[in-house]
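The lines below spell out each chain.
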Number of protein chains: 2
Amino acid sequence: MTINLIKIRFTIAALAGALCCMALHAKKPSLTYVDADALTVINRAQEQAPGWQRLDVDRYPDLTPKVKSYYSYPTGLAVAFRTNSPRITARWKTTGKGHGVNTTAIAQSGLALYIKSDGKWTFAGVGKPTYNAKKHSSTIIQDMADGQKDCILYLPIYDGLDSLEIGVDSACTISAMPNPFPRKKIVVIGSSITHGSAVSHPGMAYPARLERMLDMEFANLGASGQCKLEEFYARIAADSKADAFVFDTFSNPSAEQIEQRLEPFVRIVREAHPETPLIFLQTLRRETTNFNRGTADFENAKREAAARGMKKILAEYDNVYFIDPGMPIGDDHDATCDGVHPSDLGMDRILQVIAPQIREIIR
Amino acid sequence: MTINLIKIRFTIAALAGALCCMALHAKKPSLTYVDADALTVINRAQEQAPGWQRLDVDRYPDLTPKVKSYYSYPTGLAVAFRTNSPRITARWKTTGKGHGVNTTAIAQSGLALYIKSDGKWTFAGVGKPTYNAKKHSSTIIQDMADGQKDCILYLPIYDGLDSLEIGVDSACTISAMPNPFPRKKIVVIGSSITHGSAVSHPGMAYPARLERMLDMEFANLGASGQCKLEEFYARIAADSKADAFVFDTFSNPSAEQIEQRLEPFVRIVREAHPETPLIFLQTLRRETTNFNRGTADFENAKREAAARGMKKILAEYDNVYFIDPGMPIGDDHDATCDGVHPSDLGMDRILQVIAPQIREIIR
């Protein structure tokens, strides 16, 4: 928070000479760009991380190369700022690392802006990346009414971010704002489903949607295909300050891995956080199991192992929760992009069921 | 139909010598590929079109270059076949034309397989394209139970298709099947929303979903950003045989274009189809208008022009329908990929409202 306050003072000072732009803006006036890391960065599981990484990946030398790569993406991070500019633009550079066939380029390498309106964070526009490129520039919104706006800008889900600048009309101001979700902080550790593999833009992964629905800060530590209850995830949770943890830890491991790893995993987290609610989500019934018998057997065994394991954990530990079904995507079989990853439709069906339960647990 | 029957005979003849694979399949036996155009191709607005075009674009010399390009994509087409293979694979070549930042590669250049199960077309798997490539190969499903399966495979939405081969275990059979939706045929002419710009896979554009929901064949003539009530669309409808037409013709034009073009458009279609139901969808309230006043003015004027124009048309013509709201995407502002294009979530909300109305009109 100290750092953010310094940033706020710096930004306000830097822009103090600028006139307020109310009623002054002509058609397409010039733009002034500010480096987004002078604004408020929210949704990090731990306070510090270099550049636009969501986690300081060098703090955990036993991360696998894939997890290290994914955790260096800014997945789930957002920049919070206040501006009176009628136009908001962005220039950004990505590493070009991510290329999911189940992800739109906007979700992968783009930006999503929300503005507070009548007390609600409301979709305002997206920053469209250039297809299959590393350098991007986009007008996110323009021709807005006068007045101060509170903004959060969600960052790319599946790409590294080298730099990000936000542009406003030169006669207007932009400044860091205090964390808009100061009440509670939740850290989510999970699979591609948490990561947001098949959502349509960076504001639609379920942790980002929970953030706006529950008015609590959510850190996204989803790692596509990689979350198999490894010990390093437990240590990351142990090292993170949170008012609750959500674990999507049954989507990637096998039944055997769940049997071997669940109890030690919970023990490490519980030792560091004796009272904090630990909320485990049962994984979804994959649509790839509709006709594939081998997949169906593997997946059923996994979900049964999770249910058995959690039964023991619930008997042993207080303030641990198992939401089952944890990812109910409906029964029309049309809520995933590829049989595994919920689309925005699947995510919405999941949230209708789990958001009220998570709210109830954390309140 | 004659052509399809010839194809069926040809395919059955070609494979007559092959043993049925029941209980014979070992692990990963060899594959036999058949050219998909020897199977049954459904969802074309007009009977013939060269290659994998959805419409014979040379029949309409006044198509704009963009519409000509889009109509040469196989958008909305599907291949219907019957197989007893436990595994279905595909090899296909695309032209690499489409690169939407709001579209997954699976929707853009991939395939989506549905199999009939308990009388319902059920999602089975996707054919994953190779990212940013023209040559693709994918195992769509494997390890299925024995027995004949009725299959429909939806084709790429935003890419040209040069060739498509479907692979089955060599000891098994694959054959064309009769059109699975013989009851009614509906032709949809429209914008990117019809085209399926932001859906997650080729089976999720709303015409494809209506096809499975209503058990009627739906042809998709959506052309991203290009459907401004031009006369050639009316002539395409006039030349197409259909039990009803659905028009998403208010998403792209300006208010002025709607005022000038709607009546002549309806006149041309009605002259060719004196009794056929013509169903017009009011366009959606774009989420880009949440804060952008210029866009809001333009969009409101457009929707008002559509409502005024349709009032006159309804007074003048019988069996014309105006569904308003025609694209109700909800009020949480989170049902589009980019402020304009409904994600699978937006499409689902639209269908909950319009599918029963369309069913009622057509029955």
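Residues numbered from 1 in each chain as written. Chains lettered and ligands numbered in written order. Predicted model: local features only at pLDDT ≥ 70, side-chain atom pairs only at ≥ 80, totals over all residues. Heavy atoms only, no water.

Quick notes on the interface of chain A and chain B
If you look at the interface, chain A gives 49 residues, while chain B gives 50 residues. Where chain A abuts chain B, roughly 4,100 Å² becomes buried across the two surfaces, and 57% of that area is made up of carbon and sulfur atoms. For chain A, the biggest contributors to the area lost against chain B are A:V101, A:Y131 and A:F291; these three give 21% of the whole. The interface formed by chain A and chain B holds 8 salt bridges in total. In this structure, the salt-bridge partner of B:R212 is A:D334, at a minimum N-O distance of 3.1 Å. (Contact = heavy atoms within 4.5 Å. Buried area = accessible area lost by both parts, 1.4 Å probe. Salt bridge = Lys/Arg side-chain N within 4 Å of Asp/Glu carboxyl O.)

Section: the sheet that holds strand 14 (residues 278–281) of chain B
Residue and element names in this part refer to chain B. Spatially, the 5 strands line up as an open sheet ordered 12-11-13-14-15, and their pairing is parallel. Of all strands in the sheet, those with a lone pairing partner are strand 12 (217–222) and strand 15 (320–323), marking the two edges. Between one strand axis and the next, the sheet turns by 20 degrees as a mean value, whatever way the strands run. Bridging between strand 11 (residues 185–190) and strand 12 involves 6 bridges; their strand directions are parallel. From the neighbouring strand, K185 faces strand 12, where its bridge partner is E217. Lying on the sheet, helix 8 (residues 293–316) is in contact with strand 14 and strand 15; it crosses strand 15 at an angle near 155 degrees. (Pairing = 2+ DSSP bridges. Helix = DSSP H or I, 4+ residues; strand = E, 2+ residues; numbered from the N terminus. Axes fitted to C-alpha atoms, helices over the stretch in contact; angles between N-to-C directions.)

Topic: the confidence of the model for chain A
Residues and elements named next belong to chain A. Per-residue confidence for chain A averages 93 on the pLDDT scale, and 92% of its residues sit at or above 70. Residue range residues 1–26 is modelled with pLDDT below 50. Its contacts to residues more than four positions away, or to other chains, number 39 contacts. Across the interfaces of the predicted complex, the ipTM metric reaches 0.92, alongside a pTM of 0.92. (pLDDT = per-residue confidence, 0-100.)

Examining the relation of the copies chain A and chain B
Mapping chain A onto chain B calls for a rotation angle of 180 degrees and an axial translation of 0.0 Å; the resulting RMSD is 0.0 Å. Here the symmetry operator amounts to a two-fold rotation axis. The fraction of interface residues of chain A whose copies in chain B are also interface residues reaches 100%, indicating that both copies meet through the same surface. (Least-squares fit on C-alpha atoms with pLDDT ≥ 70 in both.)

Re the sheet that holds strand 14 (residues 278–281) of chain A
Residue and element names in this part refer to chain A. The strand order across the open sheet formed by 5 strands is 12-11-13-14-15, and the pairing between neighbours is parallel. Edge positions in the sheet fall to strand 12 (217–222) and strand 15 (320–323), since each of these pairs with one other strand and no more. Each neighbouring strand pair of the sheet contributes to a mean axis angle of 20 degrees, computed without reference to strand direction. Sitting on the sheet, helix 9 (residues 344–362) touches strand 11 (185–190), strand 13 (244–248), strand 14 and strand 15, and the angle it makes with strand 15 is about 170 degrees.

What to know about the packing of aromatic side chains
Enumeration according to the criterion identifies 27 aromatic pairs over all chains in this entry. Judged by centre distance (5.9 Å) and plane angle (85 degrees), the rings of A:Y114 and A:F123 are edge-to-face. In this structure, A:Y114 and A:F123 share a single accessibility class: buried. A ring pair is formed by B:F232 and B:Y233, whose centres lie 4.5 Å apart and whose planes are at 40 degrees; its orientation type is tilted. Each member of the pair, B:F232 as well as B:Y233, is classed as buried. (Phe/Tyr/Trp six-rings, centres within 6.5 Å; stacked < 30°, edge-to-face > 60°. Buried < 20%, exposed > 50% of the residue type's maximum accessible area, 1.4 Å probe, protein only.)

Notes on empty space enclosed by the protein
Counting across every chain of the model gives 5 cavities of 30 Å³ or more. Looking at the largest cavity, its volume works out to about 80 Å³. If you trace the largest cavity, you find 14 residues lining it, with A:Q108, A:S109, A:N132, A:A133 and B:Y131 closest to the centre. (1 Å grid on protein atoms, 1.4 Å probe; cavity = no way out; pocket = protein on both sides within 12 Å on 5 of 7 lines; lining within 4 Å. Points joined across faces, edges and corners; volume = space filled by probe spheres on them.)

Describing the pairing of strand 3 (residues 78–83) of chain B
All names here are of chain B. With 5 of its 6 residues buried, strand 3 lies for the most part within the structure. With 3 bridges connecting them, strand 2 (residues 40–42) and strand 3 associate as antiparallel partners. Looking across to strand 3, one finds that I42 is bridged to A78. By the bridge criterion, 6 bridges tie strand 3 to strand 8 (residues 149–154) in an arrangement that is antiparallel. Looking at the pairing, T83 lines up with K149 of strand 8. Bridge analysis of strand 3 against strand 10 (residues 174–176) gives 3 bridges, and the strand direction is antiparallel. Looking at the pairing, R82 lines up with S175 of strand 10.

So, the state of the cysteines
By the definition in use, this model includes 0 disulfides over all chains. A disulfide-free cysteine, A:C151 has its sulfur positioned 12 Å from the sulfur of A:C172, the nearest such atom. A relative accessible area of 0% places A:C151 in the buried class. A:C337 takes part in no disulfide bond, and the closest cysteine sulfur, belonging to B:C337, lies 12 Å away. (Disulfide = S-S within 2.5 Å.)

Things to note about the pattern of salt bridges
Tallying each qualifying case throughout the model produces 42 salt bridges over all chains. Ionic pairing is found between A:K302 and A:E299, a salt bridge with its closest N-O pair at 2.9 Å. Of this pair, A:K302 and A:E299 both sit in helix 8 (residues 293–316), 3 residues apart, which is roughly one turn of that helix. This pair shows no difference in class: A:K302 is buried, exactly as A:E299 is. With a shortest N-O distance of 3.7 Å, A:D332 and B:R209 are connected by a salt bridge. In this pair, A:D332 is assigned in the loop between strand 15 and helix 9 and B:R209 in helix 5 (residues 206–214), connecting two distinct chains. One salt-bridge network, held together by shared partners, links A:R209, A:D348, B:D332 and B:R349.

Some words on the nonpolar core
Ranked by size, the top nonpolar core spans 181 residues in total, and within it A:Y71, A:F280, B:Y71 and B:F280 carry the most contacts. When residues no more than four places from it in sequence are discounted, the contact partners of B:F280 are B:F247, B:T249, B:F250, B:L262, B:F265, B:V266, B:M310, B:V320, B:Y321, B:F322 and B:I323. (Core = buried A, V, L, I, M, F, W, Y, C linked by side-chain atoms within 4.5 Å.)

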